[in-house]
Amino acid sequence: LAGRGVLVSAARLVPKKGLHLMPAALAQLRAAGVPCRWRVLGDGPEWPRIAAACAQHGVADLVDWLGACDSDTVRRELLAADAAVLPCVVAHDGERDGIPVFLCEALALGVPVVSTPVSGIPELVVDGSTGLLATPGDATSLAGCLQRVLGDARLARALAANGRAAVQAQLDVHQRARDLVACIER
């Protein structure tokens, strides 16, 4: 599947994940002639809203709803993906993500990431270096980032390599344990 515009999102389908923006972004990609397919792993209360938006934007045929999946399936899907996408937003009730585990997993596997600069995400996803960051809540910005990563293989490879190196450096459990011991011994 990789190389065909495969986008993967794995999350609980709740407002803060921003997945309701994907149907409009997919429609913009289609209009621009960018081949793409969105594979959604997860379930939750936003599914009816997102599915309806897919139909409204005429992109339901581009979406595969895989439902709740185990971590092995998420890993397999990521390894077959051209990009991992999680366009997080601050929900109307103030709910937001810190640093989503899905983004850490994608980066660790060397998959280019597209997200947003919400909460702690920019600590790991640095725009243009370890991933691409769209404007939160902006489907056009999201589509632009997706088009960049899908249309530029060199950029995608660089983001993947830089992202993998960053997550290994920042989230290495052995280094974090040494840091903790050093703090305790002070």
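Quick note: structure is the one above.
By convention here, each chain's residues receive numbers from 1 onward along its written sequence. Reporting of local features is limited, given that this is a predicted model, to residues whose pLDDT is at least 70; pairs of side-chain atoms are given and counted only at 80 or more, and all residues count toward the totals for whole chains, interfaces and linings. To get the side-chain values, all heavy atoms of the structure are used, and hydrogens and water are removed first.

**Concerning the overall build of the protein chain**
Rules: Strands here are runs of E lasting at least two residues and helices are runs of H or I lasting at least four, both read from the DSSP assignment and numbered beginning at the N terminus. Radius of gyration: over C-alpha atoms. The globule rule applied is 2.2 Å multiplied by the number of residues raised to the 0.38 power. Per-residue accessibility, obtained with a 1.4 Å probe over protein chains only, is compared with the maximum for each type, and a residue is labelled buried under 20%, exposed over 50%, and partly exposed between these values. Contacts between residues were defined by any pair of non-hydrogen atoms, one from each residue, lying within 4.5 Å. All accessibility values rest on the Shrake-Rupley procedure with a 1.4 Å probe; residue burial counts only the protein chains present in the view. For this count, His and the chain ends are skipped, Lys and Arg are scored as positive, and Asp and Glu as negative. By convention, the charge on Lys lies at NZ, on Arg at CZ, on Asp at CG and on Glu at CD.
Within the protein chain, the regular secondary structure consists of eight helices and six strands. At 16 Å, the protein chain has a C-alpha radius of gyration in line with the 16 Å of a compact globule built from 186 residues. Taken over the C-alpha atoms alone, the protein chain extends approximately 60 × 40 × 30 Å along its principal axes. Burial analysis of the protein chain (186 residues in total) assigns 48% to the buried set. Relative to all contacts within the protein chain whose residues are 6 or more apart in sequence, the contacts with residues 24 or more apart total 71%. When the accessible area of the protein chain is evaluated, it comes to approximately 8,900 Å², of which 54% is carbon and sulfur surface. A gap of 4 Å separates the mean positions of the 18 positive and 19 negative side-chain charges of the protein chain.

**Remarks on the nonpolar core**
Defined as follows: Note on terminology: a nonpolar core comprises buried Ala, Val, Leu, Ile, Met, Phe, Trp, Tyr and Cys residues joined through side-chain atoms within 4.5 Å.
Leu7, Met22, Leu26, Trp38, Phe102, Leu142 and Leu146 are the most contacted members of the largest nonpolar core, which has 56 residues in total. The contact partners of leucine 26, leaving out residues within four places of it in the chain, are Leu7, Cys36, Trp38, Val59 and Val63.

**Digging into the packing of aromatic side chains**
The geometry of two aromatic rings is summed up by the distance between their centres and the angle between their planes. Stated formally: Geometry of aromatic contacts follows a simple scheme: Phe, Tyr and Trp rings, the Trp one being its six-membered ring, pair when their centres are within 6.5 Å, and the pair is stacked under 30 degrees between planes, edge-to-face over 60, tilted otherwise.
Following the criterion strictly, the structure yields two aromatic pairs and no others. Between the aromatic rings of tryptophan 47 and tryptophan 65, the centroid separation amounts to 5.7 Å while the plane-to-plane angle is 70°, which identifies the pairing as edge-to-face. Of the two residues, tryptophan 47 is situated in helix α2 (residues 47-56) and tryptophan 65 in strand β3 (residues 63-67); the sequence distance between them amounts to 18 residues. The rings of Trp38, Trp47 and Trp65 are connected pair by pair, giving a single aromatic cluster.

**Notes on the pairing of β3**
Rules: For two strands to count as paired, DSSP must find a minimum of two bridges between them. A clockwise course of the path from the first strand over the helix to the second, judged with the strands pointing away from the viewer, identifies a crossover as right-handed.
As defined by bridge partners, strand β2 (residues 37-41) adjoins β3 across four bridges and the pair is classed as parallel. Counted as the bridge partner of leucine 41 is glycine 67 from β3. Note that the unit made of β2, α2 and β3 has a crossover that is right-handed.

**Focus: the pairing of strand β1 (residues 6-10)**
Consecutive side chains of a regular strand alternate in pointing toward one face of the sheet and then the other. Taken across its five residues, β1 has five buried, putting it largely inside the fold. Here β1 shows a buried face lined by Val6, Val8 and Ala10 and a second buried face lined by Leu7 and Ser9. In terms of strand pairing, β1 meets β2 through five bridges, oriented parallel. Directly across from valine 6, in β2, lies its bridge partner arginine 37. Crossover handedness for the path β1 to helix α1 (residues 22-31) to β2: right-handed. Bridge count between β1 and strand β4 (residues 83-85): two bridges; the pairing is parallel. Bridge pairing in β4 links valine 8 to alanine 84.

**A closer look at the sheet that holds β1**
To be explicit about the condition: What counts as an axis is a line fitted to C-alpha atoms, over the stretch in contact for a helix, and the angles between N-to-C directions run from 0 to 180 degrees.
The strand order across the open sheet built from six strands is β3-β2-β1-β4-β5-β6, with neighbouring strands paired in parallel fashion. Looking along the sheet, the strands with just one partner apiece sit at the ends: β3 and β6 (132-133). Contacts from α2 reach β2 and β3 within the one sheet, and its direction differs from that of β3 by about 165°.

**What about the environment of tryptophan 47?**
A residue is classified by how much of its surface remains accessible, and tryptophan 47, at 36% relative accessible area, is partly exposed. Along the sequence, tryptophan 47 and leucine 103 sit 56 residues apart, while their C-alpha atoms lie 20 Å from each other. Dropping the residues within four chain positions of it, tryptophan 47 is found in contact with Leu13 and Trp65.

**Examining the side chain of serine 141**
Within the fold, serine 141 resides in helix α6 (residues 139-151). According to the relative accessible area criterion, serine 141 is buried, its value standing at 19%. For serine 141, the contacting residues outside a window of four places in its chain are Ala134 and Thr135.

**Describing the packing of helix α4 (residues 101-108) against helix α7 (residues 153-170)**
Just so we agree on the cut-off: In a left-handed crossing the near helix is turned counterclockwise from the far helix by less than a right angle, and in a right-handed crossing that turn is clockwise.
Here α4 crosses α7 at 115°, and the two axes come no closer than 7 Å. With respect to the hand of their crossing, α4 and α7 are arranged in left-handed fashion. Seen from α4, the contacting residues are Cys104, Leu107 and Ala108; seen from α7, they are Gly163, Arg164 and Val167.

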